[in-house]
Amino acid sequence: MPGRHPKEEDSSQVYVCPMHPEVEQLGPGSCPKCGMALELKTPMPVAERREYTGPMHPEIVRDGPGSCPLCGMALEPRTVSRTEEESNPEYDDMRQRFIVGAILILPLIIIAMRDLMPGGLLLSALATAKTYAWLELILATPVVVWAGWPFYARAIQSVINRSLNMFTLIGLGVSVAYLYSLIGVLFPHLFPAEMRTAEGTVMVYFEAAGVIVVLILLGQVLEMRARSQTGAALKALLGLAPKTARKMGADGNESDIPLEQVMKGDRLRVRPGEKVPVDGVVLEGTSSVDESMISGEPIPVEKRPGDKLIGATVNGNGSLIMEAQKVGAETLLSQIVKMVADAQRTRAPIQKLVDVVSGYFVQVVIAIALVAFGTWYFLGPDPRLAYALIAAVSVLIIACPCALGLATPMSIMVATGKGATMGVLFKNAEAIETLRKVTTLVVDKTGTLTEGEPKLVEVIAAPGIDEKRLLLLTASLEKGSEHPLAAAVVQGATDQGLHLSEAMNFFSHTGKGVSGKVDGRVVLLGNRTLLEEFKVAAGSLAEQARAMRSEGKTVMYVGIDGKMGGLLAVADPIKKTAPEAIEQLHAEGIRIVMLTGDNKVTADAVAKKLGLEEVVAEVLPDQKAEAVKKFQQGGHIVAMAGDGINDAPALAQAEVGIAMGTGTDVAMESAGVTLVKGDLTGIVRARRLSRATMANIKQNLFFAFIYNALGVPIAAGILYPSFGILLSPIIAAAAMSLSSISVVGNALRLRRVKV
C-alpha cells in the first residue's frame with residue numbers, strides 16, 4: 001500500500017481489491033479477478049493519510065499516488081499542503097523516461113532517415129540495410145518497452161476495467177508499429193515479395209514507434225507541469241500563513257513558537273507589519289489590517305479591542321494583542337482552501353455531454369482505424385500493408401481523447417482558485433455554470449443589504465436638555481439590558497467617549513421598554529405606550545418620531561423625571577457597497593427583489609434608498625423558500641442571497657444560493673456560493689467569472705472536438721487521393737500532445753481574467 005514500508009506489512013491485516021471490494025484476504029497480494037495489488041482495508045490514520053484523486057474522475061480516491069483506473073491519468077493530491085515542497089512521483093517518473101527515451105531516439109532517427117540526410121550515402125555504405133534494421137531494433141526496444149511501459153500498463157488496465165481510454169489507443173498504436181517492425185526484422189520472409197527490398201529486408205517503423213512514445217512522454221510531462229499550476233491560487237493562499245506566532249506567557253515573557261503549536265485561548269502579539277497568525281479577537285491595541293488576501297479589497301480595515309482578526313492578514317503600523325479563537329483546520333484560511341479544493345473536484349453539468357461522447361469515442365476511433373486499414377490494404381497502392389499500417393496507427397494516436405477529458409475540469413480548477421483570491425468561494429462546479437444564467441436575485445435585507453447590527457443613528461433632545469446628557473442617562477440605564485437595541489445605545493455612548501453610571505431600580509416592562517434611576521433621576525426608555533403608562537406627554541416630538549419611522553428607523557422615547565426627555569433613533573445601516581452592487585446588477589439586466597421579515601414601512605424605506613422597486617415584506621422564515629419557489633414557477637432562474645439560519649431553506653431552494661461569509665455556518669452549508677466578506681459586489685465578480693469560465697470551457701471543447709473532427713479523417717488518408725498527403729504517425733503523436741497542452745494552457749488563461 002502507498003505510504004507503507006514492506007517490512008511494516010502485517011499478514012494479519014485484511015487487504016481488499018480497489019476495483020473489486022468483495023475480494024478480501026489476510027495480508028497483501030493481487031486480485032484474482034483484475035490482477036491489481038490489494039490495498040489495506042483499514043484506513044491510515046488521518047494524520048498520515050494524504051488522499052489522491054483523478055483530475056477527470058473525482059469519484060476515484062486513493063491513499064497514495066498512482067493512475068486513474070478509468071482514464072489512466074495520474075492521480076493528484078486532493079488537498080494542497082503548505083508545509084511540504086510539492087513533489088509528484090508520476091511527473092518525476094515520466095520525466096526520467098522521457099530523458100532516456102530522447103537520448104536513444106536521436107541515433108534511431110539518424111539511422112532511419114539516413115538516406116534523406118546530408119552524407120547519407122556514406123552512412124549507408126558503412127553497413128547493410130539488415131544491420132541498420134537490427135540497430136534500430138536495439139535502440140527502439142528500450143524506448144518502446146521501458147520508456148513506454150506506463151502506457152501499456154494503463155492500456156491493459158483499461159481493457160481489464162472495460163473502460164477504454166486514451167492509453168488504450170496509444171498502447172494499441174505503438175504496439176502495432178513496433179510488433180510489425182519486429183516481425184519484419186526477425187521474419188522478413190513472411191511478408192509478400194513486393195514489400196521486400198532487393199536485400200530481402202522489409203521497411204520497418206521502429207523510429208515511428210519510438211518517436212511516438214517520446215513525444216507522448218513529452219506531452220505528459222508538459223501537461224502535468226501545467227496542471228500543477230491550476231492549484232497555484234490555493235498554494236499562494238496557504239503560503240500567506242506565517243510559520244510562527246509570538247506567544248505571550250502568563251509571566252509576561254514573549255517567545256516565537258511554530259504556528260502548529262498555537263492553542264485556543266493563547267494570547268498572541270502581532271507586531272507592526274507582521275501577519276496575523278490565526279483567527280481571533282483583538283484584546284488590546286488599535287491598527288489597520290490589510291485583509292485583501294481574503295476579501296480582494298485593497299483598503300485596510302481598522303481594528304480595535306473586540307474586533308475579529310483573520311489569520312494570514314497583514315497588520316499595519318499598530319501593535320495588537322489578540323486571543324486565538326480558531327487554530328489549525330478551523331481558521332478561515334484553512335476552511336477556504338478546503339472548500340475550494342472540494343469544489344475543484346466536482347463536475348459541471350456540461351461535463352455530462354463530454355462523458356456521453358467519451359463513452360463511445362474510443363470504440364468509434366478503433367472502428368475508424370480498422371476501416372482505414374482495410375481500405376488502404378485492399379484499395380491502396382503498393383506496398384499496401386505498409387500504407388494500411390501507417391493510416392491505422394496515425395488514426396489511433398491522433399484521436400486520443402485526453403484534450404476532450406481535460407477541457408472542463410481544468411477550467412473549473414482554475415476558476416475556483418481564482419474566485420478564492422477575490423473573496424468568492426464556489427461550493428461546486430454547478431454553481432459556476434448556473435450563476436451566469438440567473439435572471440432574478442432575491443436578497444434578504446438584514447445582514448445582506450444592511451450591516452445586520454443595529455446602530456444608534458440619531459439623538460434628539462427635548463428643549464433644555466443636553467444631547468450628551470440624554471445619551472449618558474439612557475445608555476447607563478440600558479447597560480443592564482440584553483436587548484439588541486440596548487446594545488446599540490450603549491455602543492453609541494461608548495463611541496462618543498461617555499463614562500456610564502450605574503442604574504438603580506432597573507425594571508423591564510415587557511413589550512414596552514425599561515425604567516430605572518440614574519444619577520438620582522428617574523429615566524424611562526421605550527415605546528409610546530410606556531410613556532403613556534407613566535403619563536408622560538410626547539408633545540412636539542411625536543411628529544419627529546413619525547418622520548424617523550418613515551425612514552426605516554426604530555424610535556425610542558425617553559422620559560426624565562416625568563417629562564419628555566427626547567428621542568433615540570436606531571437603525572440597521574445599509575452596507576456601503578450595497579448601492580454600487582445593486583447598480584451593477586441592474587446594469588446586467590438582473591431583476592432584484594428584497595425579501596424580509598421586517599415590517600413594510602422599514603422595508604420600503606430601505607428599498608427606496610437602494611433604488612429597489614420590488615419588496616416582499618413581513619415574510620416568516622418558513623415562507624422565504626415558498627417565495628423563491630413562486631419566482632421559479634414564473635420561469636425565472638433564481639439566485640437567493642442571505643446570511644441567517646432562517647435563510648437556509650430559501651438558499652437551498654434557489655438555483656444558486658449565495659451566503660454571506662459573515663453569516664451563519666448553516667447558511668453557508670446551504671449555499672452554492674459564499675461571499676467571504678459579505679459584500680454584494682462579490683456577486684457581480686462571481687457572475688463575470690462564471691461567464692469567463694463557461695466561455696473558456698466552450699473554447700476548450702471546441703478545440704478538442706474540431707481537432708478530432710479534422711485530425712482523424714486526415715490521419716485516415718482522406719487527402720491522399722487529391723493531394724498525395726498521408727499523415728505520419730510521428731506527426732500524429734506531436735499533434736495529440738499539443739492538443740492536450742493547448743487545452744490546459746487555455747484554461748490557465750482564466751488566472752489573468754479581470755473580473
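Residues numbered from 1 in each chain as written. Predicted model: local features only at pLDDT ≥ 70, side-chain atom pairs only at ≥ 80, totals over all residues. Heavy atoms only, no water.

1. Points about the overall build of the protein chain
1) Next: For the protein chain, the count of helices and strands is 26 helices and 28 strands.
2) Next: A burial count over the protein chain gives 49% of its 755 residues as buried.
3) Next: Residue pairs at least 24 apart in sequence account for 65% of intrachain contacts in the protein chain once pairs closer than 6 positions are excluded.
4) Next: Of the roughly 34,600 Å² of accessible surface on the protein chain, 59% is carried by carbon and sulfur atoms. (Helix = DSSP H or I, 4+ residues; strand = E, 2+ residues; numbered from the N terminus. Buried < 20%, exposed > 50% of the residue type's maximum accessible area, 1.4 Å probe, protein only. Contact = heavy atoms within 4.5 Å. Areas by Shrake-Rupley, 256 points an atom, 1.4 Å probe, with all protein chains shown as cover.)

2. Here we look at the sheet that holds strand 15 (residues 320-326)
Hydrogen bonds between backbone groups are what pair the strands of a sheet, and the pairing can be parallel or antiparallel.
1) Next: Taken together, the 6 strands give an open sheet; going across it, the order is 8-7-9-15-10-13, and neighbouring strands pair in antiparallel fashion. Every interior strand has two partners, whereas the edge strands, strand 8 (254-258) and strand 13 (308-309), have only one.
2) Next: Sheet topology places strand 7 (residues 244-248) next to strand 8; 5 bridges connect them, and they run antiparallel. Looking at strand 8, one finds that Arg246 is bridged to Asp256. (Pairing = 2+ DSSP bridges.)

3. Here's the deal with the packing of aromatic side chains
1) Next: A full pass over the atoms with the stated rule returns 8 aromatic pairs.
2) Next: Both rings, one in Tyr387 and one in Tyr720, keep their centres 5.9 Å apart while their planes meet at 55°; by these two values the pair is tilted. Placement of the pair is Tyr387 in helix 11 (residues 384-398) and Tyr720 in helix 25 (residues 720-723), with a sequence separation of 333 residues.
3) Next: Note on Tyr720: relative accessible area 24%, which makes it partly exposed.
4) Next: A network of ring pairs unites the aromatic residues Phe373, Tyr377 and Phe378 as a single cluster.
5) Next: Positioned over the ring face of Trp146 is Arg97, at 4.8 Å from the centre of the ring. (Phe/Tyr/Trp six-rings, centres within 6.5 Å; stacked < 30°, edge-to-face > 60°. Lys NZ or Arg CZ within 6 Å of the ring centre and 35° of its normal.)

4. Brief notes about the pattern of salt bridges
1) Next: Counted according to the given criterion, the structure contains 24 salt bridges.
2) Next: A salt bridge links Arg97 to Asp93, with the shortest nitrogen-to-oxygen separation between them at 2.9 Å. Here Arg97 pairs with Asp93, and both are found in helix 1 (residues 89-112), just 4 residues apart, close to one helical turn.
3) Next: On the accessibility criterion, Asp93 (26% relative accessible area) is partly exposed. (Salt bridge = Lys/Arg side-chain N within 4 Å of Asp/Glu carboxyl O.)

5. Description of the sheet that holds strand 12 (residues 301-303)
1) Next: With antiparallel pairing, 3 strands are arranged side by side in an open sheet as 12-11-14. The open sheet has two free edges, formed respectively by strand 12 and strand 14 (314-315), since each of these has just one partner strand.
2) Next: Pairing of strand 11 (residues 287-290) with strand 12 involves 3 bridges; the strand directions are antiparallel. Paired with Val289 across the two strands is Val301, which belongs to strand 12.

6. Brief notes about the nonpolar core
1) Next: In this structure, Phe151, Ile170, Val174, Tyr180 and Phe206 are the most contacted members of the largest nonpolar core, which totals 67 residues.
2) Next: Ignoring any residue separated from it by four or fewer positions in sequence, one finds Val174 in contact with Val144, Tyr152, Ala209, Ile212, Val213 and Ile397.
3) Next: Core analysis: the next-biggest nonpolar cluster, separate from the first, contains 58 residues, Val424, Ala429, Ala603 and Met660 among them. (Core = buried A, V, L, I, M, F, W, Y, C linked by side-chain atoms within 4.5 Å.)

7. Section: unusual backbone geometry
1) Next: Omega for the bond connecting Asp382 with Pro383 falls within 30 degrees of zero, at -5°, which places this linkage in the cis form.
2) Next: Note on placement: Pro383 falls in the loop between helix 10 (351-379) and helix 11.
3) Next: Within the chain, Asp519 stands out as a residue other than glycine whose phi angle is a positive 50°.

8. Let's talk about the environment of Met410
1) Next: Here Met410 lies in helix 12 (residues 402-421).
2) Next: Expressed as a C-alpha distance, the spacing of Met410 and Ala747, which sit 337 residues apart in the sequence, is 5.9 Å.

9. Thoughts on a nonpolar patch on the surface
1) Next: On the surface, Trp134, Ile183, Leu186, Phe187 and Leu190 cluster together into a nonpolar patch covering about 460 Å² of accessible area.
2) Next: When you line up the elements, Leu186 lands in helix 5 (residues 166-186). (Patch = residues over 30% accessible without salt bridge, like charges linked within 9 Å, V, L, I, M, F, W, Y side chains within 5 Å.)

10. Concerning the side chain of Asn696
1) Next: Mapped onto the secondary structure, Asn696 falls in helix 24 (residues 681-716).
2) Next: If near-sequence neighbours (up to four positions away) are discounted, Asn696 is found in contact with Ser411, Asn746, Ala747, Arg749 and Leu750.

11. What to know about the side chain of Glu478
1) Next: Mapped onto the elements, Glu478 comes out in helix 15 (residues 467-478).
2) Next: Look at Glu478: it is buried, it has no salt bridge, and the nearest opposite charge is Lys479 at 12 Å.
3) Next: Not counting residues within four places of it along the chain, the set of residues in contact with Glu478 comprises Ala486, Val489, Val490, Val514, Leu525 and Met556. (Lys, Arg positive; Asp, Glu negative; His and termini not counted.)

12. Overview of the environment of Pro142
1) Next: Looking at where Pro142 falls in the secondary structure, it is placed in helix 3 (residues 129-147).
2) Next: C-alpha separation for the pair Pro142 and Gly210, spaced 68 residues apart in sequence, amounts to 9.0 Å.
3) Next: Beyond its immediate chain neighbours, meaning those up to four positions away, Pro142 contacts Leu104 and Ala147.

13. Let's talk about the confidence of the model for the protein chain
1) Next: Model confidence for the protein chain is summarised by a mean pLDDT of 81, while 82% of its residues fall at 70 or above.
2) Next: Here residues 1-12 is modelled with pLDDT under 50, and outside its nearest four sequence neighbours on either side it reaches 19 contacts, counting other chains as well.
3) Next: Below a pLDDT of 50 lies the segment residues 42-49, which in the model reaches 7 contacts outside its immediate sequence neighbourhood of four places, other chains included. (pLDDT = per-residue confidence, 0-100.)

14. Looking at the packing of helix 5 against helix 11
1) Next: Running from amino to carboxyl end, helix 5 crosses helix 11 at an angle of 160°, the nearest separation of the two axes being 8 Å. When the interaxial angle is binned, helix 5 and helix 11 end up roughly antiparallel. At the point where helix 5 passes helix 11, the crossing takes the left-handed sense. Contacts between helix 5 and helix 11 involve Leu169, Ile170, Leu172, Gly173, Val174, Val176, Ala177 and Tyr180 from the first element and Leu385, Ala386, Leu389, Val393, Leu396 and Ile397 from the second.
2) Next: Here the residues of the contact of helix 5 with helix 11 are counted per class, giving 13 nonpolar, 1 polar and no charged. (Axes fitted to C-alpha atoms, helices over the stretch in contact; angles between N-to-C directions. Parallel < 35°, antiparallel > 145°, perpendicular 65-115°, else oblique. Left-handed = near helix turned anticlockwise from the far one by under 90°. Nonpolar A, V, L, I, M, F, W, Y, C, P; charged D, E, K, R; others polar.)

15. What about helix 24?
1) Next: Helix length check: helix 24 (36 residues) gives 53 Å between terminal C-alpha atoms against 52 Å at 1.5 Å per residue, within 8%.
2) Next: Downstream of helix 24 by one or two residues, Gly717 has phi in the positive range, about 105°. (Expected span 1.5 Å × (residues − 1).)

16. Looking at the packing of helix 11 against helix 26 (residues 729-748)
1) Next: Viewed as axis vectors pointing N to C, helix 11 and helix 26 meet at an angle of 5°, and their least axial separation amounts to 8 Å. Between helix 11 and helix 26, the angle falls in the class roughly parallel. Along its contact with helix 11, which presents Ile390, Val393, Ser394, Ile397 and Ile398, the element helix 26 presents Pro729, Ala732, Ala733, Ala735 and Met736.
2) Next: Class assignment for the residues of the contact of helix 11 with helix 26 results in 9 nonpolar, 1 polar and no charged.

17. Quick look at the pairing of strand 27 (residues 656-660)
1) Next: For strand 27, a buried count of 5 out of 5 residues is recorded, marking the element as mostly surrounded by other parts of the structure.
2) Next: Here strand 27 shows two buried faces, one formed by Val656, Ile658 and Met660 and the other by Gly657 and Ala659.
3) Next: Sheet topology note: the strand 26 (residues 638-642)/strand 27 ladder contains 4 bridges and is parallel. Counterpart to Met640 in the pairing with strand 27 is Gly657.
4) Next: Note that strand 27 and strand 28 (residues 673-675) share 3 bridges and pair parallel. Pairing of Met660 across the sheet is with Leu675, part of strand 28.

18. Here's the deal with the environment of Phe373
1) Next: Mapped onto the secondary structure, Phe373 falls in helix 10.
2) Next: Taking the C-alpha atoms as reference points, Phe373 and Ala391, 18 residues apart in sequence, are found 6.4 Å from one another.
3) Next: Among residues more than four places away in sequence, those in contact with Phe373 are Leu385, Ala388, Leu389 and Ala392.

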